Amino acid sequence: MTTTATAPAKAKVVNETAEERPESTWATIRRGLSLSPELRTGLAGTLFFAIISMVGRAAVPVAIQQAIDKGIAGPGGLDVGFVGTVAAITAGVLAVTTLCGYLMMRRLFTVSETALANVRVRTFRHIHDLSMLHQQSERRGSLVSRVTSDIDQITQFLQWGGVILIISAGQLLVTAGVMAFYSWQLTLVVLVAFAPAVFVIRAFQKRLAGAYGLVRQRMGALLAAVSESVVGAPVIRAYGVSERTRTRLNTAIDGHKTSQMRALRTSVIGFSSGEIAAGLATAAVVVVGVQLGIGGTLTIGQLTAYLFLVTLFIQPVQIAAEVLNEAQNAVAGWRRVLDVLDVAPDVADPGEQGVSLPEGPIDVRFEDVSFTYGGPIVLDDVDLDIPAKTRVAVVGETGSGKTTFAKLLTRLMDPTTGTVRLSGVPLDQLRFDSLRSRVVMVPQDGFLFDATVAENVRFARPDLTDADLALAFTELGLTDWVESLPNGLATRVGERGEALSVGERQLVALARAYVADPDLLVLDEATSAVDPATEVRLQRTLDAVTRGRTTVAIAHRLSTAQAADEVIVVDKGRVVQRGPHDKLVQDSGSVYGKLYASWLEQTR
Amino acid sequence: MASVTSRDVLARGFRVLGRAIKDEPRIFAFAVGGSVLFGGLVVGSAYVIGHIVGKIIVPAIEDGAVDNALLWLGALAVLAISVLRVVGIFGRRLGAGYMQFRLQARYRRLVTGRYLDLPLSWHHRHATGTLLSNANSDVEAAWFPIAPLPFAVGTLVMLLGAVGSLFLTDWVLALVGLATFAGLFLINVFYSRRMAPRQARAQLMRGEVSAIAHESFDGALVVKTMGREGQETDRFAGQARELRDALISVGRLRGLFDPLMETLPSLGTLAVLIVGTFRLRAGDISVTDLVSIAFLFTVLAFPVRAIGWVLAELPRSVAGWDRLQHVLTATGEMRYGTISPEKSDSPARLAFDGVDYAYPTGADTDDMAAAATQDEHGPTVLHDISLVVPEGRTVALVGPTGSGKSTIASLAVRLVDPATGTISIDGHDLPDLTAAALADNAALVAQIPFIFDDSVRANVALDRPGIDDDAIWAALRLAQADEFIARLPEGLDTMVGERGTSLSGGQRQRLTLARALAGRPRLLVLDDATSAVDPRVEAAILAALRGGEQPTSIMVVAYRRATIALADEVVYIEHGRVVAAGTHSELLASTPGYADLVTAYERAEAEREREHAYEDEGAVTA
């Protein structure tokens with residue numbers, strides 16, 4: 001437990017890298033390729049088909065050269081038969097290259113989509129493996145976009161522009177090769193004519209990267225504004241601040257639009273240099289080519305074919321301009337995905353090297369545990385034992401460190417210093433499958449999935465039979481409540497469980513933890529929104545069914561503390577008192593004494 | 001059947017494009033102008049190259065000498081065409097881009113505007129993820145074909161020009177051209193028809209993948225604490241694989257289309273060579289013509305694809321447009337009245353009279369089904385609720401979990417409207433009041449606090465007029481939030497993060513309480529709004545509210561005895577009905593359900609003490 005202090009710092013890195021970082025496109029691609037070795041599957045075959053299909057690009061100009069030099073302006077005058085033969089051979093070549101083109105693309109799509117689907121799933125899993133701190137430090141929407149829109153951007157680019165770009169690159173190489181074959185002098189002329197454009201485009205590339213970076217940033221702001229207007233709809237209604245929200249939304253929308261326009265202008269201006277270069281190259285080929293022709297170095301057919309080739313050589317530049325925006329976004333999306341994958345989970349599963357919890361009831365031991373989120377100390381040198389099979393309540397004022405205690409106990413976070421042990425095993429050596437099946441925490445916010453009540457409870461134990469499920473609710477004394485639901489256990493709970501009231505959600509969350517049958521149950525204000533009568537009833541049934549196990553309940557309703565075997569009082573990050581309720585309450589000047597007096601005032 | 005629907009989709013796609021042109025006619029004209037110029041120059045350049053070959057290169061090489069003036073003229077013509085093409089490209093690409101961006105912005109404004117106007121009941125029926133993608137990816141999908149549209153229109157004009165020029169040159173070669181163009185057109189139509197269902201499926205799968213990711217990350221804490229990462233990953237992977245398969249099927253079609261589109265003009269060129277040689281022999285055309293036409297076919301290949309881009313994206317565009325229309329044509333926005341009573345300093349009187357409420361039917365994710373179910377209601381959750389919060393009084397709503405208290409709170413500030421019955425403030429029916437009057441007079445503090453990703457100051461003031469820093473601090477003091485805010489690094493200017501994640505639950509509740517108090521409401525509705533606040537802090541807040549200088553009527557949903565004790569009257573709710581109303585002691589005597597609820601802790605303790613006593617006795621006797 002020594003390397004855990006860096007958690008907040010790492011979380012910050014994810015945020016920063018989510019936007020611009022001076023990493024070159026090539027570096028991103030290299031990083032991406034090394035993370036997706038699947039991309040190399042069948043690469044040789046794909047390359048083979050690619051090379052053959054590229055040859056087709058030069059077939060027509062060569063045919064024209066042959067037809068003109070030997071069939072039309074040849075020494076024997078017009079030779080229709082020869083032209084026909086040339087055309088037939090070329091058509092045959094085209095048939096083969098077209099087929100190879102199709103095969104190449106088919107393989108390319110299958111391999112790349114498969115690889116990207118794997119990256120998608122790995123990233124999804126990786127995000128779940130990151131600690132809570134990481135998950136909280138990023139906007140939830142931006143985590144979702146790692147496995148959705150970021151990867152969608154890559155696949156859409158591949159489908160739309162990526163293939164065109166690859167083919168264009170091939171076309172560039174093949175035509176350049178044939179051009180050099182016809183005349184190295186003219187090829188030199190073309191390259192010289194293009195040289196300035198290459199520099200201009202390179203220079204613009206930097207400005208473009210900045211411009212598109214701004215577009216993405218504004219898109220993030222836009223999404224945040226929309227999300228707020230949707231999620232915060234009740235507040236916006238209740239406070240009549242629709243106009244304020246509308247202004248914020250419109251500002252974000254227009255800001256995004258302006259940045260898009262700027263990026264486009266930069267791109268168009270940059271690439272117009274390519275167009276001018278193309279004109280320059282063609283004109284130069286005409287002038288120099290005619291001189292070479294007069295000198296006898298070039299035939300009419302060769303020069304004509306050369307003009308066709310120059311056009312084919314230029315096309316990729318035009319195409320690049322059309323798909324560049326997409327390419328930028330795709331690379332940026334890839335980069336964001338890779339950045340998340342590169343963050344090592346700081347609260348990591350020891351996996352195979354880890355140990356399992358020994359059978360039987362679990363005891364808890366905190367050894368000199370301190371915790372800080374990077375600012376003030378939240379838990380300060382906590383040292384305590386919770387014997388197996390006891391029911392312990394942790395109480396204290398808001399911000400005293402109760403919830404942090406629960407998170408360290410369940411290894412949602414690691415302590416900054418010190419060690420937490422369960423049944424003698426240091427938590428960071430405990431395998432997650434063992435930890436999560438034996439230790440269950442019910443968080444205060446009873447999050448439910450958009451499914452039925454029954455399915456939500458089964459989340460903890462998919463193999464639970466209907467009878468066992470019904471039995472669980474009966475044992476918890478919730479049969480009446482289930483019967484009051486429109487469709488009983490088959491009632492759908494809505495998004496995040498919002499079709500149920502907050503208290504009802506907590507009931508389902510509790511049932512979910514209950515059927516998980518843990519040996520250590522941690523309740524973090526798990527019944528804070530439930531009515532007192534139901535809470536007391538739940539308390540009693542939980543007491544009965546958790547007898548023989550260890551329970552730690554974080555509570556601000558002191559009824560829980562009264563019922564516990566022992567109360568741990570936390571104040572300003574330190575454990576200040578512990579003992580049974582009856583004993584603690586005798587010291588009326590103590591922290592607990594005051595809390596209890598206030599509680600009595602509240603409830604009597 | 002698939003082809004019928006896809007033909008239908010293409011027709012509807014063209015209507016969506018028509019809508020775009022109607023929305024942005026000038027920019028569209030500008031872009032098409034640029035594109036037509038570009039297309040004309042493409043055709044022109046073919047003839048310039050043809051002439052250079054026929055009139056300059058052939059004589060020069062055959063004669064061994066060149067007319068320099070003519071050579072330089074040719075070169076200049078090539079350059080001039082390039083410069084003009086740049087002008088055309090500027091017009092086309094800037095025009096197309098601006099048109100697309102403006103349409104996106106326009107429809108984003110419209111869609112988000114609807115979000116603000118439509119009632120909460122409408123919001124309840126739609127998943128958050130759906131609404132987010134309506135404003136984002138659906139807008140993008142709807143206007144995706146706009147980027148290549150001017151290019152495609154210009155290409156059509158260019159093709160017409162090319163055919164015309166072909167007929168002027170030689171009718172036989174023109175027929176070859178017509179056949180080639182017809183072939184290109186057919187491939188495009190075939191492609192877009194076959195593509196439509198595949199694209200639609202891919203889009204659907206994308207939505208599913210996104211929905212799972214949203215939910216799974218939303219519930220990350222539950223997933224983690226239950227150790228279900230593996231199962232969640234399996235669930236996600238299943239959907240991701242389906243999306244992969246859908247995308248591969250899109251890609252395979254694309255893989256067929258691109259090489260074919262590439263090859264067809266080349267075949268056309270070869271046909272021109274053969275036919276042209278015959279025509280050359282017959283003396284009907286010159287070498288210039290032959291080269292021009294062959295060149296024309298070569299340069300046409302690229303622009304013709306733009307037509308395919310537009311057609312292929314139409315299905316996606318239509319799908320996006322339909323989803324936008326679902327939002328834009330949704331009705332049932334809350335109509336506000338015109339009454340705006342003078343704001344007084346005296347507290348308000350709230351009255352419910354015979355109110356029933358039924359939740360709108362559950363989530364409808366299906367676009368078409370939405371219109372049909374708009375007016376249908378689910379089971380009734382409130383029955384015949386009548387109650388009064390008199391001026392300056394505090395009324396507590398008490399009832400078991402799930403009895404309908406939060407719904408009453410939402411009705412009181414008109415977040416939702418009742419199915420039957422009326423709710424009024426100071427005798428004005430809520431629907432008769434203006435939105436501003438409603439917000440001025442009544443404030444709700446919800447059970448789960450919502451914090452904007454903004455500063456503390458903005459969260460409390462919400463840009464409402466007349467709330468200066470003094471008022472903010474006063475409200476924070478009243479809500480017992482002043483101390484922790486003062487301790488924040490930048491005080492009121494501290495950014496609290498998305499949904500206020502940098503604050504604790506109790507701090508968030510107090511901040512939203514301060515937000516409500518800052519508006520000096522005449523009616524305050526607290527929906528279990530202090531549940532995450534420690535008892536002592538809550539007591540202090542309630543004391544301040546009771547004895548404060550802001551005279552306010554309060555409706556409070558509460559479980560805590562102390563909170564209830566502060567109320568002048570208690571209304572006890574069970575299963576959506578008012579079971580009893582009266583003072584705390586009256587209800588304690590008259591209503592067993594109420595007594596059970598509020599004395600639960602005492603009874604539990606008493607019982608425990610009995611048990612203890614019994615155990616102790618047992619110990620003694622043993």
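What you see is a predicted model; the values in this text were computed from it and never measured. (Residues numbered from 1 in each chain as written. Chains lettered and ligands numbered in written order. Predicted model: local features only at pLDDT ≥ 70, side-chain atom pairs only at ≥ 80, totals over all residues. Heavy atoms only, no water.)

Another aspect to go through is the interface of chain B and chain A. Taken together, the contacts link 171 residues of chain B with 171 residues of chain A. Of the roughly 15700 Å² buried between chain B and chain A, counting both surfaces, carbon and sulfur atoms make up 68%. Broken down residue by residue, the surface that chain B buries against chain A is led by B:L116, B:F217 and B:Y601, which jointly contribute 6%. Our count for the chain B to chain A interface comes out at nine salt bridges. In this structure, A:R244 engages B:D454 in a salt bridge whose closest nitrogen and oxygen atoms are separated by 3.5 Å. (Contact = heavy atoms within 4.5 Å. Buried area = accessible area lost by both parts, 1.4 Å probe. Salt bridge = Lys/Arg side-chain N within 4 Å of Asp/Glu carboxyl O.)

This part covers the packing of aromatic side chains. Counted according to the given criterion, the structure contains 21 aromatic pairs over all chains. Between A:F447 and A:F449, the aromatic rings sit 5.2 Å apart at their centres with planes inclined by 90 degrees, giving edge-to-face as the arrangement. The exposure class assigned to A:F447 is buried, which follows from its relative accessible area of 5%. What makes A:F449 buried here is its relative accessible area of 6%. Taken together, the aromatic side chains of A:F124, B:F217 and B:F236 make up a single cluster linked through ring pairs. The ring centre of B:F38 lies 4.9 Å from the NZ or CZ of B:R92, which sits over that ring. Geometry around A:Y239 places B:R515 over its ring, the cationic atom sitting 5.9 Å from the centre. (Phe/Tyr/Trp six-rings, centres within 6.5 Å; stacked < 30°, edge-to-face > 60°. Buried < 20%, exposed > 50% of the residue type's maximum accessible area, 1.4 Å probe, protein only. Lys NZ or Arg CZ within 6 Å of the ring centre and 35° of its normal.)

Let's shift gears to the domain arrangement of chain A. Annotation of chain A at the domain level lists domain 1 (10–182 + 330–346), domain 2 (184–297) and domain 3 (353–603). Computed from C-alpha coordinates alone, the two centres of domain 2 of chain A and domain 3 of chain A are separated by 54 Å. (Domains from an automatic or database assignment.)

What follows is about the packing of helix α3 (residues 43–72) of chain A against helix α4 (residues 80–129) of chain A. Residues and elements named next belong to chain A. Following both chains from N to C, one finds α3 and α4 inclined at 165 degrees, their axes separated by 7 Å at the closest point. Judged by the inter-axis angle, α3 sits roughly antiparallel to α4. Handedness of the α3/α4 crossing: left-handed. (Axes fitted to C-alpha atoms, helices over the stretch in contact; angles between N-to-C directions. Helix = DSSP H or I, 4+ residues; strand = E, 2+ residues; numbered from the N terminus. Parallel < 35°, antiparallel > 145°, perpendicular 65-115°, else oblique. Left-handed = near helix turned anticlockwise from the far one by under 90°.)

So, about unusual backbone geometry. With the exception of glycine, the majority of residues adopt a negative phi angle, and the majority of peptide bonds are in the trans configuration. Residue and element names in this part refer to chain A. Even without being glycine, R496 reaches a positive phi, approximately 50 degrees. Even without being glycine, E525 reaches a positive phi, approximately 50 degrees. On the secondary structure map, E525 appears in the loop between β7 (520–524) and α18 (532–545). In this structure E525 comes out as buried when scored by relative accessible area, which is 10%.

The positions UniProt marks with the feature "domain: ABC transporter" (unreviewed entry) are residues 364–597 of chain A. With 35% helix and 25% strand, residues 364–597 of chain A has its two end C-alpha atoms placed 30 Å apart. (UniProt positions renumbered as here; feature names shortened; annotations may be inferred.)

Residues B:W143, B:F352 and B:M555 are the most contacted members of the largest nonpolar core, which totals 265 residues. Here the element with the most residues in this core is helix α10 (residues 287–328) of chain B; it accounts for 22 residues. Discounting chain neighbours no more than four positions away, the residues touching B:W143 are B:V16, B:A20, B:Q100, B:L103, B:Q104, B:Y107 and B:W321. Counting residues in each nonpolar core, the second largest holds 41 residues, with A:F447, A:V453, A:L542 and A:A553 among its members. (Core = buried A, V, L, I, M, F, W, Y, C linked by side-chain atoms within 4.5 Å.)

Right, let's get into the packing of helix α10 (residues 242–294) of chain A against helix α2 (residues 25–63) of chain B. Taken N-terminus to C-terminus, the directions of α10(A) and α2(B) make an angle of 20 degrees; their axes are 9 Å apart at the nearest point. Between α10(A) and α2(B), the angle falls in the class roughly parallel. The two elements α10(A) and α2(B) meet at a crossing, and its hand is right-handed. Residues A:T282, A:V286, A:V290, A:G293 and A:I294 of α10(A) touch α2(B), and the partners they reach there are B:I49, B:I52, B:I56, B:I57, B:A60 and B:I61.

Whenever strands of a sheet pair, they do so through backbone hydrogen bonds, lying parallel or antiparallel. All names here are of chain A. Across the sheet, which stays open at both edges, the six strands sit in the order β6-β7-β8-β3-β9-β10 with mixed pairing between neighbours. In this open sheet, the two strands that pair with only one neighbour each are β6 (439–442) and β10 (574–579). Across the sheet, the axes of successive neighbouring strands diverge by a mean angle of 15 degrees, strand direction being ignored. Relative to β10, strand β9 (residues 566–571) runs antiparallel, the two being bridged by five bridges. (Pairing = 2+ DSSP bridges.)

A surface patch of positive charge is lined by A:R207, A:R218, A:R262 and A:R265. Examined against the element boundaries, A:R265 turns out to sit in helix α10. (Patch = residues over 30% accessible without salt bridge, like charges linked within 9 Å, V, L, I, M, F, W, Y side chains within 5 Å. Areas by Shrake-Rupley, 256 points an atom, 1.4 Å probe, with all protein chains shown as cover. Lys, Arg positive; Asp, Glu negative; His and termini not counted. Charge placed at Lys NZ, Arg CZ, Asp CG, Glu CD.)

Turning next to the side chain of A:S259. All names here are of chain A. Its location among the elements puts S259 in helix α10. Accessibility expressed as a relative area gives 2% for S259, which makes it buried. With near-sequence residues (within four places) excluded, S259 lies in contact with L214, V215 and R218.

Now for a nonpolar patch on the surface. Residue and element names in this part refer to chain B. Nonpolar side chains collect at one region of the surface, where F167, W171, L175 and L178 lie side by side and expose about 410 Å² of accessible area between them. A per-element tally of the nonpolar patch places helix α7 (residues 171–218) first, with three residues. When you line up the elements, L178 lands in helix α7. Of the residues examined, L178 reaches a relative accessible area of 36% and is grouped as partly exposed.

All names here are of chain A. Look at the UniProt record and you will see "transmembrane region" (unreviewed entry) annotated at residues 39–60, 80–104, 157–178, 184–204 and 268–288. Between the end C-alpha atoms of residues 39–60 the distance is 33 Å, and the span holds 82% helix and 0% strand. Overall, residues 80–104 shows 100% helix and 0% strand. The separation of its end C-alpha atoms is 36 Å.

Let us now look at the pairing of strand β4 (residues 420–425) of chain B. Residues and elements named next belong to chain B. Taken together, the two bridges between β4 and strand β5 (residues 428–429) define a ladder with antiparallel strand orientation. When the sheet's bridge partners are listed, S424 is paired in β5 with D429. Hairpin connection between β4 and β5: a loop of two residues separates the two successive antiparallel strands, and D426 in this loop has a positive phi of roughly 50 degrees.

Time to look at the UniProt feature "transmembrane region" (unreviewed entry) in chain B. The UniProt entry lists residues 27–49, 69–90, 142–165, 171–191 and 290–312 of chain B under the feature "transmembrane region" (unreviewed entry), expressed in the numbering used here. Secondary structure within residues 27–49 of chain B divides into 100% helix and 0% strand; the distance between the first and last C-alpha atoms comes to 33 Å.

Attention now moves to the sheet that holds strand β4 (residues 417–422) of chain A. Residue and element names in this part refer to chain A. One open sheet accounts for four strands, arranged β2-β1-β4-β5; its pairing is antiparallel. Both outer strands of the open sheet, β2 (377–386) and β5 (425–426), are each paired with one neighbouring strand and no more. Here β4 pairs with β5 via two bridges, running antiparallel. Paired with R421 across the strands is P426, a residue of β5. Those strands touched by helix α12 (residues 402–409) are β1 (364–372), β2 and β4, and its axis lies near 120 degrees from that of β1.

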